[in-house]
Amino acid sequence: MAVNKLNNKGFVLFLFLVVIAFLAPLVITNSYTLHILITIFIWSMLTLGIRLIMLVGHLNAAQAGIFGMGAYASALLAIRLDLSFWLALPLAGIFCALLAIPIGYPTLRIKGTYFVMATFALTEVFRMIWMRWSGLFGGPRGISGIPRPDAINFLWLNIRFVGKVPFYYLGLILMLITIIFMYRIDNSRIGKTFRCIPQAELLAECIGINILKHKVIALVIGSFFAGMAGSFYAHYSTYISPWDYTWMKSTQMLMYAVVGGTSAVAGPVLGSFVLIGLEEWLRPLQEYVPIFTGVILILVLRFLPGGLLSIPEKVSGLTKKEGFITIPKRIRAFTKR
Amino acid sequence: MSLGQIILQTFVNGVMSSMVLILIASGLCLIFGIMRVVNFAHGEFYMLGGFGAWLLFGQQLLPIESSVLRYVVAVMITMMVVALMGILVERYLFRPFRGDIRATIIVGTGVMYILQATTLVGFGIRDKAFGSPFSGAVRISGVSISQERLAVVIFGAIFTTIMYFFIQKTKLGLSMRAVAQDEEAASLQGINISKTFSLAMGIGIAMAAAGGALMAPIYYVNPYMGVEPIMKAFVVIILGGMGSLPGTVIGGFIVGFIESFASTFISPHVALMIVFLLLIVVLIVRPGGIFGRE
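Residues numbered from 1 in each chain as written. Chains lettered and ligands numbered in written order. Predicted model: local features only at pLDDT ≥ 70, side-chain atom pairs only at ≥ 80, totals over all residues.

**Considering the overall build of chain A**
Move 1: Tallying secondary structure elements over chain A gives 15 helices and four strands in all.
Move 2: Radius of gyration (C-alpha) of chain A: 20 Å, near the 20 Å computed for a compact globule of 337 residues.
Move 3: Principal-axis analysis of the C-alpha atoms places the extent of chain A at approximately 55 × 45 × 45 Å.
Move 4: The buried share among the 337 residues of chain A stands at 49%.
Move 5: The contacts of chain A with a sequence gap of at least 6 include a subset with a gap of at least 24, amounting to 79%. (Helix = DSSP H or I, 4+ residues; strand = E, 2+ residues; numbered from the N terminus. Rg over C-alpha atoms; globule rule 2.2 N^0.38 Å. Buried ≥ 20, exposed ≤ 12 C-beta atoms within 10 Å, placed from the backbone. Contact = placed C-beta atoms within 7 Å.)

Here it is as structure tokens:
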């Protein structure tokens with residue numbers, strides 16, 4: 001059995017869900033529900049990025065900072081340079097990917113525990129930069145009046161970005177691109193290399209794997225999609241402020257990834273969907289909501305170390321208890337070769 | 001005020017914020033050094049300490065005449081109650097994940113959410129302020145030091161010293177150091193690991209609660225007051241080399257002074273930026289911290 005390849009059943013399920021997602025706006029006309037779904041798409045992209053660096057054995061807490069960098073970069077490109085959203089979106093992604101290189105090389109050298117703290121600190125450094133240089137970044141009040149994406153006029157297509165529905169489709173497509181890309185990575189040689197690094201770092205190094213390089217690559221890919229998500233968020237909400245990108249947001253992303261499960265691409269998406277959906281469902285309870293999410297997080301860690309993804313396996317009783325990240329047996333064989 | 005006076009005043013403020021940082025960070029350092037748990041919920045225990053002081057002293061629940069004595073008793077009771085909560089958290093939430101640092105980080109964030117939301121539900125979002133039992137100021141060569149700030153420094157120094165001597169000089173402290181060094185060998189010598197863990201967690205959390213209770217009268221109390229100090233405390237323990245108490249004290253002074261001087265002479269945002277950049281630079285140049293052994 002391949003590492004993470006979908007079997008026919010999984011592929012059919014994926015297609016089925018995609019079709020449902022594309023048809024959903026025909027049924028859901030409530031703009032608030034659409035807003036929640038768009039939020040889920042954004043967070044899924046961020047959490048998918050965090051999962052990739054979790055595969056190489058690190059908890060990345062800079063994702064919220066990178067997300068913010070993408071949002072600010074895109075907003076400034078659009079406002080100061082009058083660039084179209086369609087150009088600012090990939091540029092924000094590329095900017096964040098490039099930013100991840102100087103961040104990754106020094107910080108990924110250090111041990112995991114320190115990496116978490118360094119990245120938390122980095123998120124705060126970014127936030128202080130946005131707060132301090134208010135001429136460029138708007139200070140604590142942030143940037144408002146970010147233009148919405150330009151209308152698309154292509155052959156018979158004529159889409160104007162007003163209301164929630166166009167943003168719903170744009171977010172959905174961006175998330176699908178992320179999912180497909182991450183899925184391809186998972187099943188490529190580099191994805192397999194990522195998974196073997198935390199299992200036996202020394203061994204991986206001995207068989208000629210450049211560990212630092214692979215870790216940086218994982219960070220760069222995750223940051224690219226975080227930057228795109230940031231750009232999409234900025235142009236969707238038309239307003240950003242430093243308070244949207246605190247280190248608490250990073251803990252939320254880590255939480256979604258852990259609750260969903262990191263063994264497959266579906267995990268982070270599932271985690272974001274379930275937890276954000278739950279938070280919305282519990283919204284009438286207001287302040288009590290974080291209590292529920294906290295309890296769910298701890299219960300999942302305690303009784304479902306593989307996350308929600310491992311429920312089917314748990315139910316059929318096939319798997320034994322494994323560590324924080326479930327690694328299929330074939331990968332172990334791969335590292336021992 | 002002349003420049004000299006401003007510098008002296010900033011120095012005094014630096015000592016005070018260092019002292020509070022040291023209180024928080026030394027608990028964090030103890031917990032990491034002995035249990036290998038990065039306690040992300042530590043700032044929330046600091047917050048609970050603040051709420052304890054507000055509840056017992058600010059709301060005048062204790063039937064004691066003298067306000068200074070009432071404050072001291074309130075701080076003591078708060079420390080004990082919060083430490084008990086910490087011990088329960090360690091026993092039932094952290095212990096099942098022993099040895100898996102990353103899992104404990106995530107559990108810690110879960111505990112953080114729960115504690116923040118619980119206090120929010122219980123006490124509301126409004127900032128709560130109450131006066132310190134120490135009023136007036138001491139004047140030393142033209143610089144006025146408010147007594148409430150002086151009290152923070154003195155109490156902080158007392159608590160840190162007691163903790164240091166407890167760990168260095170008593171038998172229980174010795175057993176804690178033994179567990180930190182080698183769990184298996186320590187348990188072979190008849191040291192009860194579980195009890196040592198509970199003790200370390202209790203002391204560490206009590207220190208954080210003390211920090212919160214001491215700072216509460218100077219600033220204010222709210223459910224999110226622990227979010228910022230915990231970040232700075234992480235910087236302190238990393239600077240000092242994780243698990244080293246003397247290192248933590250020195251790290252605390254470095255961060256406290258950078259913060260107070262940069263805040264006064266540049267801006268508070270730049271101060272925090274310098275502190276966090278310093279952390280990243282130290283991690284890159286000396287991953288074991290300035291005083292770490294690695």
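**Side note on the overall build of chain B**
Move 1: Of regular secondary structure, chain B possesses eleven helices and two strands.
Move 2: N-terminal to C-terminal, the α/β element order of chain B is α-α-α-α-β-β-α-α-α-α-α-α-α.
Move 3: Here the C-alpha radius of gyration of chain B, 19 Å, is about what a compact globule of 294 residues would show, namely 19 Å.
Move 4: Principal axes of the C-alpha set define a box for chain B whose edges measure 60 × 50 × 35 Å.
Move 5: A buried classification covers 51% of the 294 residues belonging to chain B.

**Re unusual backbone geometry**
Move 1: In this model, A:Asp82 sits at a positive phi of 60 degrees, which is unusual for a non-glycine residue.
Move 2: As for its position among the elements, A:Asp82 is in the loop between α3 (63-80) and α4 (85-107).

**Here we look at the interface of chain B and chain A**
Move 1: In this complex, chain B contributes 37 residues to the contact, which on the side of chain A involves 37 residues.
Move 2: Sorting the residues of the side of chain B that touches chain A by element identifies α4 (101-123), α9 (227-239) and α11 (268-285) of chain B as the ones contributing at least two each.
Move 3: It is α4(B) that contributes the most residues to the side of chain B that touches chain A, 16 residues altogether.
Move 4: Split by residue class, the side of chain B that touches chain A holds 29 nonpolar, six polar and two charged. (Nonpolar A, V, L, I, M, F, W, Y, C, P; charged D, E, K, R; others polar.)

**A look at the nonpolar core**
Move 1: Residues B:Ala209, B:Val235, B:Ile238 and B:Leu279 are the most contacted members of the largest nonpolar core, which totals 202 residues.
Move 2: Broken down by element, the residue count for this core peaks at 16 residues, all from helix α1 (residues 3-35) of chain B.
Move 3: Each residue touching B:Ile238, except ones within four places of it in the same chain, is listed here: A:Tyr114, A:Met117, B:Leu279, B:Val282, B:Leu283 and B:Gly289. (Core = buried A, V, L, I, M, F, W, Y, C linked by C-beta atoms within 7 Å.)

**A few points about the packing of helix α2 (residues 31-55) of chain A against helix α11 (residues 247-260) of chain A**
Residues and elements named next belong to chain A.
Move 1: Two numbers describe how α2 lies on α11: the axes approach to 9 Å, and their chain directions differ by 75 degrees. With respect to α11, the axis of α2 lies roughly perpendicular. Of α11, the residues touching α2 (which contributes Trp43, Leu46, Thr47, Ile50, Arg51 and Met54) are Met253, Leu254, Tyr256 and Ala257.
Move 2: Of the residues that constitute the contact of α2 with α11, the class distribution is eight nonpolar, one polar and one charged. (Axes fitted to C-alpha atoms, helices over the stretch in contact; angles between N-to-C directions. Parallel < 35°, antiparallel > 145°, perpendicular 65-115°, else oblique.)

**Digging into α9(B)**
Move 1: A rise of 1.5 Å per residue sets the reference length of α9(B), with its 13 residues, at 18 Å; its end C-alpha atoms lie 19 Å apart and thus fit the reference within 8%.
Move 2: Here α9(B) lies mainly inside the structure; eleven of its 13 residues are buried.
Move 3: All of the buried residues along α9(B) are B:Pro229, B:Ile230, B:Met231, B:Lys232, B:Ala233, B:Phe234, B:Val235, B:Val236, B:Ile237, B:Ile238 and B:Leu239.
Move 4: Buried residues in α9(B) make contact with α5 (112-132) and α11 of chain A together with α1, α2 (42-58), α10 (245-265) and α11 of chain B. (Expected span 1.5 Å × (residues − 1).)

**Re α11(B)**
Move 1: Taking 1.5 Å per residue as the helical rise, α11(B) with its 18 residues ought to reach 26 Å, and the 26 Å between its terminal C-alpha atoms agrees with that figure.
Move 2: Among the residues making up α11(B), those that are buried are B:His269, B:Ala271, B:Leu272, B:Met273, B:Val275, B:Phe276, B:Leu279, B:Ile280, B:Val282 and B:Leu283.
Move 3: Tucked inside the fold, the buried residues of α11(B) contact α5 of chain A together with α9 and α10 of chain B.

**Digging into the packing of α1(B) against α9(B)**
Residues and elements named next belong to chain B.
Move 1: Close contact between α1 and α9 brings their axes to 9 Å; oriented N to C, the two are set at 65 degrees. Helix-helix and strand crossings are classified by hand; for α1 and α9 the assignment is right-handed. When α1 is examined against α9, the residues Leu21, Ile24, Ala25, Leu28, Cys29 and Phe32 are found in contact with a partner set consisting of Pro229, Lys232, Ala233, Val236 and Ile237.
Move 2: Across the contact of α1 with α9, the residue classes tally to ten nonpolar, no polar and one charged. (Left-handed = near helix turned anticlockwise from the far one by under 90°.)

**A few points about the confidence of the model for chain A**
Parts of the model with low pLDDT should not have their predicted coordinates read in detail.
Move 1: On average, chain A scores 84 in pLDDT, and the residues at 70 or more come to 92%.
Move 2: Taken as a whole, residues 330-337 of chain A scores under 50 in pLDDT and shows 15 contacts with residues more than four places along the chain or in a different chain. (pLDDT = per-residue confidence, 0-100.)

**Focus: the environment of B:Ser244**
Residue and element names in this part refer to chain B.
Move 1: Tracing the backbone shows Ser244 in the loop between α9 and α10.
Move 2: Residue Ser244 is classed as buried on the basis of its 20 C-beta neighbours within 10 Å.
Move 3: Considered as a pair, Ser244 and Leu188 are 56 residues apart in the sequence and their alpha carbons are 24 Å apart.

**With respect to the environment of A:Ala204**
All names here are of chain A.
Move 1: Note that Ala204 resides in helix α9 (residues 201-206).
Move 2: Judged by local crowding, Ala204 falls into the partly exposed class, with 19 C-beta atoms found within 10 Å.
Move 3: With eleven residues separating them in the primary sequence, Ala204 and Thr193 have C-alpha atoms 8.3 Å apart.

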